[in-house]
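In case you want the letters, here they are:
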Amino acid sequence: MTIGCATDPPAQPEGWDSAVALRPAVDLDARPEVVEVDLTARVEELEIVPGKRTPAWTYDGGLPGPLIRARVGDRVIVNFRNELSAPTTVHWHGVRLLAEMDGAPGHSQAETPPGGSFTYDFIVPDAGLTWYHPHVDSAVQSGNGLYGPLLVEDPGEPAALGDELVLVLSDITVRDDGTLEDPDVGGNLGTLFGREGDLLLVNGRVNPVIEARAGLRQRWRIVNAARSRYYQLALTDHRFTRIGGDGGLMEHPVETEMILLTPGERADVLVAPRGAPGSTLSVRWVPYDRGYGATFGRPEVEAFRLRLADEPAAEDEPLPEVARAIGALETAGATRVDLKLTLREGPGDVVMGINGVASWEAEPLVAAVGETSVWTVENTMDFDHPFHLHGFFFQVLGEGGKPVRPLEWKDTVNVPVDGGARFVVRYDNRPGMWMFHCHILDHADAGMMGMLNVVR
């Protein structure tokens, strides 16, 4: 009698993700429900461009910072130390934590001085890809390399969604001698446009190659950590299945030809590469028109590549049902918050603001725990602005004040030229001072930022 042998399921090529592998943070706590890591901000010479040494600002000596993994409900402890020559903080973008852990200098904590330390200690209540970056001189410090991913996993989500990649997108400019570009390059025009680096980075690498098996799904967990650049990605003859974003899984998946991420946004997408065995597919950055000539004369740029294994296409498992029950927030009786994103005319440095007031002159908005607000953010400038609210997720509203479907939880939304954005948010029991700002960090530093005081 012949006994049949089980066939191994098809798999990605060996070492398929090695070109973009992120350094894992080392968990110092043996308890399964606690993740404790050491994190140090310091300057490190890195080879971003082959043959050149660049003194980048880093977390733990790498670009990006280490990947911190936790599960929903875990306690995360980060023992942070500042070995930079400038003060800094760490903001945990997308985490619904207590205000005193949010990294907003002068509000949630004092700046951590050179040689100083601070312990961040918080619970991660939501699944999804979040990230961390400074909130002191944000455009300069993030632009010099200070950013990293925090992935919060949900053990209850469907299995077999695809082989996972965490992709941190950014950009940087390296001079011929290997040094970083002057952070104030371009003067007022640079501030107005938002400074973009010449080199596109994917997990700190320039145009890396990811190995793939044709027909096998990959799950890309993507964050746009660039200080100003909008990332619009395309893959010829392919469509993406977007299953989630800022606040984890969406109500249901949607198919899209391109992935658009404003600075600060995240996307959770599935893609099944197709093509001839041994061929290479190009994932391209496609210029996005965010106003005022943002696409004029700008070519597409190859961001990274997929090299298909030299073997026949595989047949993947059927995609499991990916759905999430999200209730629409009630807007009846909600308070109104009306904001305009503004530019102050006059001599001197560019000064931006909200309702005509720069952040350093503004009084905080006030709201109460348990209150629901509908925010209307109007753009009066010739550029799109990605608007970010710290500490809370919201639901974007469309025509007639109805929620945009599929429902999803957001913390960053694009505010288009000659238009606006509306969203509804409910303030849960986490009082304190919370920032809101344009996530083109040059704009935030130029005054397009404010504070929300949530009180009991």
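Here the structure is shown first, and the text comes after it.
Q: What should I look at first to understand the sheet that holds strand E21 (residues 351-354) in this one?
A: Through backbone hydrogen bonds, the strands of a sheet pair up, either in parallel or in antiparallel fashion. One open sheet holds the five strands; their spatial order is E21-E20-E23-E27-E25, and the pairing between them is mixed. The sheet terminates laterally at E21 and strand E25 (395-397), the two strands that pair on one side only. Neighbour-to-neighbour, the strand axes of this sheet turn through a mean angle of 25°, independent of strand direction.

Q: I keep staring at the sheet that holds strand E4 (residues 75-82) and nothing clicks. Help me out?
A: If you trace the four strands from one edge of the open sheet to the other, you get E2-E1-E4-E6, paired in mixed fashion. Here the strands that pair on one side only, and so sit at the sheet edges, are strand E2 (54-59) and strand E6 (117-123). Looking at each pair of strands side by side, their axes are set apart by 20° on average, direction ignored. Bridge count between strand E1 (residues 34-46) and E4: eight bridges; the pairing is parallel. Looking at the pairing, valine 37 lines up with valine 78 of E4.

Q: Please clarify how the nonpolar core should be interpreted in this entry.
A: A general trend in soluble globular proteins is that nonpolar side chains are found buried together. Among the nonpolar cores identified, the biggest contains 57 residues, and Trp92, Phe122, Trp375, Phe387, Leu389 and Phe423 are the most heavily contacted of them. Excluding residues that lie within four positions of it along the chain, phenylalanine 423 makes contacts with Ser373, Val374, Trp375, Val377, Phe387, Leu389, Phe394, Gln395, Val396, Leu397 and Val413. Membership of the second largest hydrophobic core comes to 28 residues, among which are Trp16, Leu165, Ala214 and Val271.

Q: Any chance you could explain the pairing of strand E18 (residues 280-285) here in plain terms?
A: Note on strand geometry: in a regular strand, side chains alternate between the two faces of the sheet. Covered by surrounding structure in E18 are Leu281, Val283 and Trp285 only, the residues Thr280, Ser282 and Arg284 on the alternate face being uncovered. By the bridge criterion, three bridges tie strand E13 (residues 231-235) to E18 in an arrangement that is antiparallel. Directly across from leucine 235, in E18, lies its bridge partner valine 283.

Q: What's the story with a negative patch on the surface in this structure? I'm lost.
A: Taken together, Asp137, Asp182, Asp184, Asp349 and Asp445 make up a surface patch of like negative charges. Inspection of the secondary structure assignment puts aspartate 137 in the loop between strand E7 (128-133) and helix H1 (138-143). Classification of aspartate 137 as partly exposed rests on a relative accessible area of 44%.

Q: Teacher, can you tell me more about the pattern of salt bridges here?
A: Pairing is possible between side chains of opposite charge, provided their charged atoms come close. Per the counting criterion, the structure on display carries 34 salt bridges. A salt bridge links aspartate 121 to arginine 75, with the nearest nitrogen and oxygen atoms 2.6 Å apart. Separated by 46 residues along the polypeptide, aspartate 121 in strand E6 and arginine 75 in strand E4 bring together distant segments of the chain. Residue classification places arginine 75 among the partly exposed residues on the basis of a relative accessible area of 31%.

Q: Quick question: what am I supposed to make of the packing of aromatic side chains here?
A: Centre-to-centre distance and the angle between the planes together describe a pair of aromatic rings. The tally for this structure, following the rule as stated, stands at 19 aromatic pairs. With a centroid separation of 5.3 Å and an interplanar angle of 70°, the aromatic rings of tryptophan 220 and phenylalanine 304 are classed as edge-to-face. Taken together, the residues tryptophan 220 in strand E12 (residues 218-224) and phenylalanine 304 in strand E19 (residues 301-308) connect sequence positions 84 residues apart. Judged by relative accessible area, tryptophan 220 falls into the buried class, the value being 0%. The exposure class of phenylalanine 304 is buried, given its relative accessible area of 1%. Both rings, one in tyrosine 292 and one in phenylalanine 383, keep their centres 5.3 Å apart while their planes meet at 55°; by these two values the pair is tilted. One end of the pair, tyrosine 292, is in the loop between E18 and E19; the other, phenylalanine 383, is in the loop between strand E23 (372-379) and strand E24 (385-389), with 91 residues separating them in the sequence.

Rules and cut-offs
Residues numbered from 1 in each chain as written. Predicted model: local features only at pLDDT ≥ 70, side-chain atom pairs only at ≥ 80, totals over all residues. Heavy atoms only, no water. Pairing = 2+ DSSP bridges. Helix = DSSP H or I, 4+ residues; strand = E, 2+ residues; numbered from the N terminus. Axes fitted to C-alpha atoms, helices over the stretch in contact; angles between N-to-C directions. Core = buried A, V, L, I, M, F, W, Y, C linked by side-chain atoms within 4.5 Å. Buried < 20%, exposed > 50% of the residue type's maximum accessible area, 1.4 Å probe, protein only. Contact = heavy atoms within 4.5 Å. Patch = residues over 30% accessible without salt bridge, like charges linked within 9 Å, V, L, I, M, F, W, Y side chains within 5 Å. Areas by Shrake-Rupley, 256 points an atom, 1.4 Å probe, with all protein chains shown as cover. Salt bridge = Lys/Arg side-chain N within 4 Å of Asp/Glu carboxyl O. Lys, Arg positive; Asp, Glu negative; His and termini not counted. Charge placed at Lys NZ, Arg CZ, Asp CG, Glu CD. Phe/Tyr/Trp six-rings, centres within 6.5 Å; stacked < 30°, edge-to-face > 60°.

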